[in-house]
Amino acid sequence: NAGVMQNPRHLVRRRGQEARLRCSPVKGHSHVYWYRQLPEEGLKFMVYLQKENIIDESGMPKERFSAEFPKEGPSILRIQQVVRGDSAAYFCASSGVRDTEAFFGQGTRLTVV
Amino acid sequence: QQQVKQSPQSLIVQKGGISIINCAYENTAFDYFPWYQQFPGKGPALLIAIRPDVSEKKEGRFTISFNKSAKQFSLHIMDSQPGDSATYFCAASTPMWNSGAGSYQLTFGKGTKLSVIP
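Residues numbered from 1 in each chain as written. Chains lettered and ligands numbered in written order. Predicted model: local features only at pLDDT ≥ 70, side-chain atom pairs only at ≥ 80, totals over all residues. Heavy atoms only, no water.

**Topic: the sheet that holds strand S7 (residues 65–68) of chain A**
By definition, the strands of a sheet pair up through backbone hydrogen bonds, in either a parallel or an antiparallel sense.
Residues and elements named next belong to chain A.
Working step 1: Read across the open sheet, the 4 strands follow the order S1-S3-S8-S7; overall the sheet is antiparallel. Here the strands that pair on one side only, and so sit at the sheet edges, are strand S1 (5–7) and S7. Strand-to-strand twist of the sheet, defined as the mean angle between neighbouring strand axes without regard to direction, takes the value 15°.
Working step 2: Taken together, the 3 bridges between S1 and strand S3 (residues 19–24) define a ladder with antiparallel strand orientation. Within the sheet, the bridge partner assigned to Met-5 lies in S3 and is Ser-24. (Pairing = 2+ DSSP bridges. Helix = DSSP H or I, 4+ residues; strand = E, 2+ residues; numbered from the N terminus. Axes fitted to C-alpha atoms, helices over the stretch in contact; angles between N-to-C directions.)

In structure tokens form, the structure reads like this:
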């Protein structure tokens, strides 16, 4: 929780709308990870990004989900045409090069109505 | 498939008692095993972590025991306090080093909800 900023903290979207989640990593961290947490479940890896590159997106659903980490600005997780099943807490984590510890943000709780 | 199994799902402990949470894994390539603590409405926070080259690591009231041959590791919370009431997640990762950069994909257990009662 050391400095990873996520916004918004809570997001309500109607089915079919787009959800855009933002993550600013700890200053100096170049690695960003997105995880999804369903109620009463552990966190599930979605995607790992470095600046301007997607390194591993093996946990991302094939459709409607995308992520980016531009050279300037926060990392963005975008969910298009949201469905009720997308309702979850989405956590971003960051780490430095060769760091084993990842710091998590407080999450964005997405509710699809 | 990478998987980490955590038990119990919930745990109630008297204040001053020992809380024990267990995890088992399958992937022998895992080489980093952290425990995270999560309070309601908050993100996970790293509590303590261990690598397979040691069998035990202690930090204050928190101890990780690691059994490489059994592919199991556990968290012990000594002298449990009401403030320890939270959800605890074990995790495991296989760091991949590539061109000077590191990656850190965590596989989490499903969590244990700990309640410490006075």
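On we go.
**Things to note about the confidence of the model for chain B**
Working step 1: Per-residue pLDDT for chain B has a mean of 90; in total, 90% of the residues score no lower than 70.
Working step 2: Taken together, the stretch residues 98–102 of chain B has pLDDT below 50 and engages in 13 contacts with residues farther than four places along the chain or on a different chain. (pLDDT = per-residue confidence, 0-100. Contact = heavy atoms within 4.5 Å.)

**Here we look at the environment of Ala89(A)**
All names here are of chain A.
Working step 1: You can see Ala-89 is positioned in strand S9 (residues 88–95).
Working step 2: Sequence separation of Ala-89 and Arg-13 is 76 residues, and the distance between their C-alpha atoms is 14 Å.
Working step 3: Residues in contact with Ala-89, not counting those within four places in the same chain, are Tyr-35, Arg-36, Gln-37, Thr-108 and Arg-109.

**Things to note about the layout of surface pockets**
Remark: the empty space left among the atoms is shown by a probe the size of a water molecule rolled over them.
Working step 1: For the largest pocket, the calculated volume is near 660 Å³.
Working step 2: Along the walls of the largest pocket sit 26 residues, with Gln37(A), Glu40(A), Glu41(A), Thr87(B) and Phe89(B) positioned nearest its centre.
Working step 3: Only S9 of chain A together with strand S9 (86–93) and strand S13 (112–117) of chain B provide two or more residues apiece to the lining of the largest pocket. (1 Å grid on protein atoms, 1.4 Å probe; cavity = no way out; pocket = protein on both sides within 12 Å on 5 of 7 lines; lining within 4 Å. Points joined across faces, edges and corners; volume = space filled by probe spheres on them.)

**Quick word on the pattern of salt bridges**
Working step 1: For the coordinates displayed, the defined rule picks out 8 salt bridges over all chains.
Working step 2: Between Lys110(B) and Glu41(A) there is a salt bridge whose closest N-O contact spans 3.8 Å. Pair noted here: Lys110(B) is in the loop between strand S12 (106–108) and S13 and Glu41(A) is in the loop between strand S4 (31–37) and strand S5 (43–50), and the two residues belong to different chains.
Working step 3: You can call Lys110(B) exposed: its relative accessible area is 52%. (Salt bridge = Lys/Arg side-chain N within 4 Å of Asp/Glu carboxyl O. Buried < 20%, exposed > 50% of the residue type's maximum accessible area, 1.4 Å probe, protein only.)

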